[in-house]
Amino acid sequence: MRPAIAYHKKCRETQFYDGNTAIMAKMHFNYFVFVVFTILALSYVSCQEADVWSRVNPSVLRVGNGAEPADLDPHLVSGVTEHVILSTLFEGLVNLNARTLQPMPGVAESWELSPDGREYTFHLRHSARWSNGDPVTAEDFAYAWRRILTPSLGSEYAHMLHCIQNARLYNEGKLEDFSQVGVRVLDPHTLRVVLEHPTPYFLSMQIHFTYFPVHRGTIERFGRMDERGTQWTRAGNFVGNGAFQLDRWEPDRILVVKRNPYYWNASMVSLNEIQFYPIDNLNTEELLFRVGRLDLTSTVPLNKVEPYQRNYPEKIHISPYLGTYFYRFNTKRRPFDDVRVRRAFSLAINRDDLVRNVVRAGRAPAFSLTPKGIENYIPPESAPFNPEEARRLLAQAGYPEGVGFPPVEILFNTSEDHRQVAEAIQAMWRENLGIRVGLRNQDWKVYLNSLSTLDYDIARSAWIGDVIDPVNFLECFTSGNGNNRTGFSSPIFDGLIEEARSASSVSERFERLREAEKLLLEEAPIAPLYFYTRVFLMAPNVQGVYPNLLGYIDFKNVFWNVN
Amino acid sequence: MAGFFVRRLMEFIPVVFLVITLTFFLVRLAPGGPFSGEKFVSEEALRQIEAQYNLDAPLFVQYWDYLTDVLRGDLGPSLKRPNRSVTEWIKLKFPVSLELGLYGLFVALFIGLPAGVLAARYQNTWIDRVTMSGATAGICIPNFVLGPLLVLVFAIWLGWLPVALWEKPVDKILPSLTLGVVYAAYIARLSRTAMIEVLSQDFIRTARAKGLSEFQVVFRHALPGALQPVVAFLGPAAAGLLTGSFVVENIFRVPGLGTEFIKAALNRDYTMIMGTVLVFAVLILFFNLLVDLIHAWIDPRLRHD
Amino acid sequence: MTSAHRNEAASFTFQGRNSIARCFLRNRLAVASLIVLVLIVMSCVLGPMFSRYTWQDQERENRFQPPCRTHWFGTDNLGRDIFVRVLMGGRVSLEVATVATGVAVFIGVLYGALAGFWGGRVDAVMMRFVDIMYSLPYAVFVIIVVTYFGRSLVLLFAAIGAVEWLTMARIIRGQILSLKRREFVEAAWATGLPWYRVLFRHMLPNTLGVIVVYTTLTAPRVILLEAFLSYLGLGTQEASWGTLIQDGVAAMEEYPWLLIFPSAALTLTLFALNALGDGLRDAFDPRNSSHP
């Protein structure tokens, strides 16, 4: 194996024999030889980076994990970094196969679904244990779900459970009695869940941290049930039921989880230890991987993607991801209150050019809001790049050749990647529509504020799906939804989403959603740009990490192939 | 001396008060709150969280509460990283920044001072020119360029040093160097100027006439006199080293207070911003005081100023 | 860093104009720096007009071209000409430097002059205020202000200017204090001029040398501060040298020209400004004319 990146391998030897030897000879020759040998010896040592993973400890995995986790309380976190760690520390009722994303037994060894699709009965395995040895019971799940739905806890992600009967009412404080929420403990090892509507993705949601059980005794030892920021999540106090348990948590340095001996399937877990390194700076993360200090990274800096693909295709992994990057138009403000203008702007974006030359990293051009790859759902596609049609629409709207078009700006939150996309699109609109739009970047929180108060013309946005289902993307644009942020409101669209929710069959449901998405693309309050990919680096001998839409890694099945 | 000390300590109070007030209102006036995110958070959840942190009270009430809490030594919980209080975070992060700052100071002194002395001793020779051009260059290269360059050369090409992290002693070389170089350059320039002035004075000529070795003349006789401006510079330098380490901490992933502050500011973690700013303000005051004390100690005339 | 020059504020004695010029011209480094600076400013102002590219023109298929005959400094990720972008970035950086330094000098000179002129208790109070301002964690405040209240150039000028005026105020106050006892000032008083004329017509012009010197030494710090803010993503909307360097750092291994040219421009400018400042100081202050 060669060192991590070829262009660093330019060998030290040539540099030192390249010099003018005649002059060198006149110098203190011995000294020179000494220096050269020292440097060669040292660079030889560093050349051993050639196989930076050869002496690795096969029971430990070192993972670069982006930002530092804000907390480890599954009811209070909201980020991806926390999700990765929490999925090693907890286990839900159901696991997903990381290769196929099909439900597999977790804490529940089996389950039944009622014929109307609204009632799940889970049978919990008797061998499931907390990391302190206590048995995991149906009561633990009911407690956890009651806790996250408790209004005074103020969980930012509680809406994930709103598909459970009456959960929304309880969460909003309109219902006092939790026994009316569709969660019933039939006996310590049987849990029944009644849903508001048939929810085909309910099982796959069980790998989301909001559905994990929590250990009541531990939480209430350190505070009230609805208290934020108590010390129960610290190493030493923490009790989970996952394949790993929290061993060490030194903020901004390292978080270590170790094999949980009480885990019901502990014998199948290969890794003894996972070290999560929080590293914000992408370039630093890549460097640490290159010198062999990390075995798996959270992402790859854009400029490094092509060199890795060229030189080390076995180390870089690119796969589709359940996320869409799109532009919002403010439909409440001139000129984007006119659907023709919105469509013209969308038609004038050359998405193939954008993904090939600007965003790169294997990302696919987006002509729909929902990403491709959702099983059984083929999203409708908006019209492809068509500058003539765009100009025609613009002329119809009263701006022939862009004349008389009011000044507008693209709003984005400060980040180099967003700036580049905005600059490319700015150029495309200038070339294809003759319109010069301005750019405006704002700090993240200011930007969010501008979005929700509709104080923008065009704004960069993204949506990363929490569950693999189109409704998760589409429901954002129902009237008055907090994620709408475009002012778009269509009773027909709202009706279609509502019909899809209560549809009796999967095919009917997807048909309604397809119609809704088609309408959304025609009305064009948004212009989808590209679908995200998940890009990461991994040591060649690590096995068991599979590409999937959720970027889900099942660490209990990850292992080193030491041969 | 004690009176001087106490008087200066008393002056801390209005400054700290000013800092708290300014920061408190600046931060609260800014658009966006700590709990907004890419995905919409329901009004109800927001209201509950704000109630838990007393953020729903009128602003002046919150301000008053904060002031009284600070007087009792309570900086509140961190809003965005809730499982530690701000005080705990500072206790965890500040020692790292302090350590990094100290190493940076060592680098600054151990490179800057000899360079300045050397340049002054060999004034107007090539040594002087090279050293001083180096010093000027050192001031001109931003540390966010210098850091990655040092990493590229010493960690990647040569493979001698680690690329980042803050665990083993060897990890700390590159961050300290990156942080200290600018200050080394300033110290080199300052000490050269001062040294030249001292070297031209009569008592040096006398010392040379007595036949003392050049080493003794420069280091025993001239250097103490040339140190004063350097000492005066150390106050602002130390403060700058401690508060100006954001970039270095980010590049080398050093778990210090600087990145904590930046993150808090970007996340609107109100209590954390207040806490870190307070630490920085007290530090700067402290170092200014320290420098004045050293001055008073070196030059007794100042004590009765 | 702000007060790095606190102690370099040696008292200046005003020399005859000719001897200053002679002294300055003898300093080859300073003269070369002046020439370099003039060239940089001229090319930033005029250069973009003569290029066949504008800073926005994209040849997206032509991205990451190394320097070649058509693109002297190569192209960036969107196929834009780096040469023009460096010049345009220079405009932004130099504009920020000029205005922010101007703000700092204006406030500093006015404040220092009034404090030194009035003297006594007023002076004590005013200077105490400067001491207090020195104690505020300024980098922190600039960051807070710029983060929260947008990225306008005006705000950036104000924020940076407000940081940098303190040193200037101290130096000018010292100068005015020492000028007060000079004969020509007493002569001006004797003719019955109002105080503001004495101060602004007779005393301040005599501090011009110091003002020029410290202006040239403040400018590089302002440019660096702007670059630092850009690095944090808190700079202006338009690309400045700081922004270009930030892009370049991320690509320095693959596309080194993205880093080399903007940082060379920045470093060269800062170096020239510093060398020019040193040269001017030596010229104005013969006691110190020991620079190589």
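Numbers given to residues run from 1 along each chain, matching the order in which its sequence is written. Both sets of labels track the order of writing: A upward for chains, 1 upward for ligands. Residue-level local features of this predicted model are given only where pLDDT is at least 70; pairs of side-chain atoms are given and counted only at 80 or more, and the full residue set underlies all totals for whole chains, interfaces and linings. Calculated side-chain values reflect all of the structure's heavy atoms, with hydrogen atoms and water omitted.

Some remarks on the overall build of chain C
What counts here: Segments assigned H or I by DSSP are reported as helices when at least four residues long, segments assigned E as strands when at least two residues long, and all are numbered from the N terminus. Residue contacts follow a heavy-atom distance rule, with two residues in contact if any of their heavy atoms lie within 4.5 Å. Working definition of accessibility: Shrake-Rupley area with a 1.4 Å probe, residue cover restricted to the visible protein chains.
The helix and strand inventory of chain C stands at 11 helices and zero strands. Partitioning the contacts of chain C with sequence separation of at least 6, the portion at a separation of at least 24 is 73%. Put simply, chain C shows about 12000 Å² of open surface, and 65% of that area lies on carbon and sulfur atoms.

Quick word on the overall build of chain B
Put simply, the test is: Positive charges come from Lys and Arg, negative ones from Asp and Glu, while His and the chain ends are left out of the count. Charge positions are represented by NZ for Lys, CZ for Arg, CG for Asp and CD for Glu.
Counting its secondary structure elements, chain B contains 12 helices and zero strands. In chain B, the succession of α and β elements from N to C terminus is α-α-α-α-α-α-α-α-α-α-α-α. C-alpha extents for chain B along the principal axes are approximately 85 × 55 × 30 Å. Roughly 12600 Å² of accessible area belongs to chain B as shown, and the carbon and sulfur atoms make up 69% of that amount. The positive charge centre, built from 26 side chains, and the negative charge centre, built from 23, are 9 Å apart in chain B.

Here's the deal with the pattern of salt bridges
Side-chain pairs of opposite charge can arise where the charged atoms are in close proximity. To keep it simple, the criterion reads: Basic side-chain nitrogens of Lys or Arg form a salt bridge, by our definition, when they fall within 4 Å of a carboxyl oxygen of Asp or Glu. Categorising residues by exposure relies on relative accessible area from a 1.4 Å probe, with only protein chains included: less than 20% of the type maximum marks a residue as buried, more than 50% marks it as exposed, and the intermediate range marks it as partly exposed.
Counted according to the given criterion, the structure contains 56 salt bridges over all chains. As a salt-bridge pair, B:Arg81 and A:Asp252 come within 3.2 Å of each other at their nearest N and O atoms. Note that B:Arg81 is positioned in the loop between helix H3 (59–71) and helix H4 (86–121) and A:Asp252 in the loop between strand S8 (244–250) and strand S9 (254–259), a pairing that runs across two chains. Look at B:Arg81 and you get buried, because its relative accessible area is 9%. Under the relative-accessibility criterion, A:Asp252 is labelled buried at 9%.

Side note on the sheet that holds strand S10 (residues 273–277) of chain A
Strands belonging to one sheet form pairs held by backbone hydrogen bonds; the direction of such a pair is parallel or antiparallel. All names here are of chain A. Quick reminder of the rule: The criterion for strand pairing is that DSSP finds at least two bridges linking the strands in question. A fitted line through C-alpha atoms represents every axis, and for helices the fit uses only the stretch in contact; the resulting angles, taken between N-to-C directions, go from 0 to 180 degrees.
With mixed pairing, the four strands of this open sheet are ordered in space as S1-S10-S9-S8. The open sheet terminates on both sides in strands that have one partner only, identified here as strand S1 (60–64) and S8. Averaged over neighbouring strand pairs, the angle between their axes works out to 20° when direction is ignored. Inspection of the sheet shows S1 paired to S10 by five bridges, in the parallel sense.

What to know about the interface of chain B and chain C
Let me state the cut-off plainly: Note on terms: buried area is the combined drop in 1.4 Å-probe accessible area of two parts once they are placed together, counting the loss on both. As used in this structure description, the phrase polar contact means that two N or O atoms lie within 3.5 Å; if the pair is within protein, one of them must be able to donate a hydrogen and the other to accept it, and residues adjacent in sequence are counted only when both atoms belong to side chains.
With 57 residues of chain B at the contact, the number on the chain C side is 43 residues. Carbon and sulfur atoms supply 73% of the area that chain B and chain C bury against each other, a total of about 4400 Å² over both sides. Together, B:Leu26, B:Cys140 and B:Phe144 form the three largest contributors to the area buried by chain B at its contact with chain C, with a combined 14%. On inspection of chain B and its partner chain C, the count reaches one salt bridge. A salt bridge links B:Arg189 to C:Asp278; its shortest N-O distance comes to 3.0 Å. In this assembly, chain B and chain C are joined by one residue pair in polar contact (both at pLDDT 80 or more).

Quick look at the interface of chain A and chain B
The condition is simple: Under this grouping Gly is polar, as are all residues other than the nonpolar Ala, Val, Leu, Ile, Met, Phe, Trp, Tyr, Cys and Pro and the charged Asp, Glu, Lys and Arg.
Contacts between the two partners involve 56 residues from chain A, matched on the other side by 49 residues from chain B. Each partner contributes to the roughly 4500 Å² buried at the junction of chain A and chain B, and carbon and sulfur atoms together form 51% of this total. Here chain A is connected to chain B by eight salt bridges. Linking A:Asp443 and B:Arg268 is a salt bridge whose minimum nitrogen-to-oxygen distance equals 2.8 Å. Run the count over chain A and chain B and you get 20 residue pairs in polar contact (both at pLDDT 80 or more). Here the element with the most residues in the side of chain A that touches chain B is helix H14 (residues 444–452) of chain A; it accounts for five residues. Within the side of chain A that touches chain B, the residues separate by chemical class into 20 nonpolar, 16 polar and 20 charged.

Examining the domain arrangement of chain B
Spelled out, the test is: Segmentation of the chain into domains, including their bounds, is taken from an automatic or database domain assignment.
Taken as a whole, chain B is organised into domain 1 (2–71) and domain 2 (87–267). Just the C-alpha atoms count here: the centres of domain 1 of chain B and domain 2 of chain B sit 35 Å apart.

Some remarks on the pairing of strand S6 (residues 183–187) of chain A
Working note: regular strand, side chains alternate between the two faces of the sheet. Residues and elements named next belong to chain A. Bridging between S6 and strand S7 (residues 190–194) involves four bridges; their strand directions are antiparallel. Looking across to S7, one finds that valine 185 is bridged to leucine 191. Between S6 and S7, which pair antiparallel one after the other, the connecting turn spans two residues.

Some thoughts on the environment of B:Leu289
All names here are of chain B. One can find leucine 289 in helix H12 (residues 270–298). Given a relative accessible area of 2%, leucine 289 falls into the buried group. When the C-alpha positions of leucine 289 and leucine 9 are compared, they lie 8.2 Å apart, and in sequence the two are 280 residues distant. Aside from chain neighbours lying at most four places away, what touches leucine 289 is Phe5, Arg8, Leu9 and Phe12.

Here we look at the nonpolar core
Using the following cut-off: Throughout this description, the term nonpolar core refers to a set of buried Ala, Val, Leu, Ile, Met, Phe, Trp, Tyr and Cys residues connected via side-chain atoms within 4.5 Å.
A:Leu61, A:Phe122, A:Trp145, A:Ile164, A:Leu191, A:Phe202 and A:Phe555 are the most contacted members of the largest nonpolar core, which has 307 residues in total. Sorting elements by how many residues they give to this core places helix H3 (residues 82–118) of chain C first, with 19 residues. In this structure, A:Leu61 is in contact with A:Leu271, A:Glu273, A:Ile274, A:Gln275, A:Asp295, A:Leu296, A:Val542, A:Phe555, A:Val558 and A:Trp560, ignoring residues within four places of it in sequence. Counting residues in hydrophobic clusters, the runner-up holds 41 residues, among them A:Leu393, A:Tyr399, A:Val408 and A:Val421.

A closer look at the packing of H4(B) against helix H11 (residues 257–267) of chain B
All names here are of chain B. To keep it simple, the criterion reads: Roughly parallel here means an angle under 35 degrees, roughly antiparallel means over 145, roughly perpendicular means 65 to 115, and every remaining angle is called oblique.
Interhelical geometry of H4 versus H11 gives an angle of 125° and a closest axis separation of 8 Å. Considering the angle they form, H4 stands oblique to H11. Across the interface between the two elements, Ile90, Lys93, Phe94 and Ser97 from H4 touch Leu257, Gly258 and Glu260 from H11. Within the contact of H4 with H11, the residues separate by chemical class into three nonpolar, two polar and two charged.

Focus: the side chain of A:Asn330
All names here are of chain A. With respect to the helices and strands, the residue asparagine 330 is situated in the loop between strand S11 (316–329) and helix H10 (339–347). On the accessibility criterion, asparagine 330 (2% relative accessible area) is buried. A polar side-chain atom of asparagine 330 sits 3.0 Å from the main-chain carbonyl oxygen of leucine 454.

Quick notes on the side chain of C:Thr207
Within the fold, C:Thr207 resides in the loop between helix H8 (195–203) and helix H9 (208–231). What C:Thr207 contacts, discounting residues up to four positions off in sequence, is C:Ile172, C:Gln175, C:Ile176 and C:Leu179.

Thoughts on the sheet that holds strand S13 (residues 409–413) of chain A
Residues and elements named next belong to chain A. Spatial strand order, S12-S16-S11-S15-S13-S14: six strands in an open sheet with mixed pairing. At either end of the open sheet lies a strand with only one pairing partner, and these are strand S12 (364–365) and strand S14 (438–442). Here five bridges tie S13 to S14, and the two strands are oriented parallel to one another. What sits directly across from leucine 411, in S14, is arginine 440.

Re the packing of aromatic side chains
Residue and element names in this part refer to chain A. The following threshold applies: Within 6.5 Å between ring centres, the rings of Phe, Tyr and Trp (the latter by its six-membered ring) count as paired, and their orientation is classed by plane angle as stacked under 30 degrees, edge-to-face over 60, tilted in between.
Evaluated as defined, the whole model comprises 54 aromatic pairs over all chains. Aromatic side chains phenylalanine 336 and phenylalanine 405 sit 6.3 Å apart centroid to centroid with 70° between the ring planes, which places their arrangement in the edge-to-face category. In this pair, phenylalanine 336 is assigned in the loop between S11 and H10 and phenylalanine 405 in the loop between helix H12 (387–396) and S13, connecting sequence segments 69 residues apart. The class of phenylalanine 336 is buried, set by a relative accessible area of 0%. Residue class for phenylalanine 405 comes out buried when judged on its relative accessible area of 12%. A network of ring pairs unites the aromatic residues Trp111, Tyr120, Phe122, Phe141, Trp145, Phe202 and Tyr211 as a single cluster.

Notes on unusual backbone geometry
Backbone geometry follows two general trends: most residues other than glycine have a negative phi, and most peptide bonds adopt the trans configuration. Along the chain, A:Arg334 connects to A:Pro335 via a cis peptide bond; the corresponding omega equals 0°. If you trace the backbone, A:Pro335 turns up in the loop between S11 and H10. Despite not being glycine, B:Asn124 has its phi angle at roughly 65°, a positive value. Checked against the element boundaries, B:Asn124 lands in the loop between H4 and helix H5 (126–140).

A short note on a nonpolar patch on the surface
Residues and elements named next belong to chain C. Rules: Nonpolar side chains (Val, Leu, Ile, Met, Phe, Trp, Tyr) within 5 Å and like charges within 9 Å form the patches, drawn only from residues with over 30% relative accessible area and no salt bridge.
On the surface, Phe106, Ile107, Leu110, Trp118, Val122, Trp189, Trp195, Tyr196 and Phe200 cluster together into a nonpolar patch covering about 870 Å² of accessible area. Only H3 and H8 provide two or more residues apiece to the nonpolar patch. Turning to its location among the elements, tyrosine 196 is positioned in helix H8.

A short note on the confidence of the model for chain C
Residues and elements named next belong to chain C. Let me state the cut-off plainly: Every residue is assigned a pLDDT by the predictor, reflecting its confidence on a scale from 0 to 100.
Confidence in the prediction for chain C averages 79 pLDDT; 88% of positions are at 70 or higher. Low confidence marks residues 1–15, where pLDDT is under 50. Its contacts with residues over four positions away, or in another chain, come to 49 contacts. Reported confidences for the modelled complex are a pTM of 0.87 and an ipTM of 0.88.

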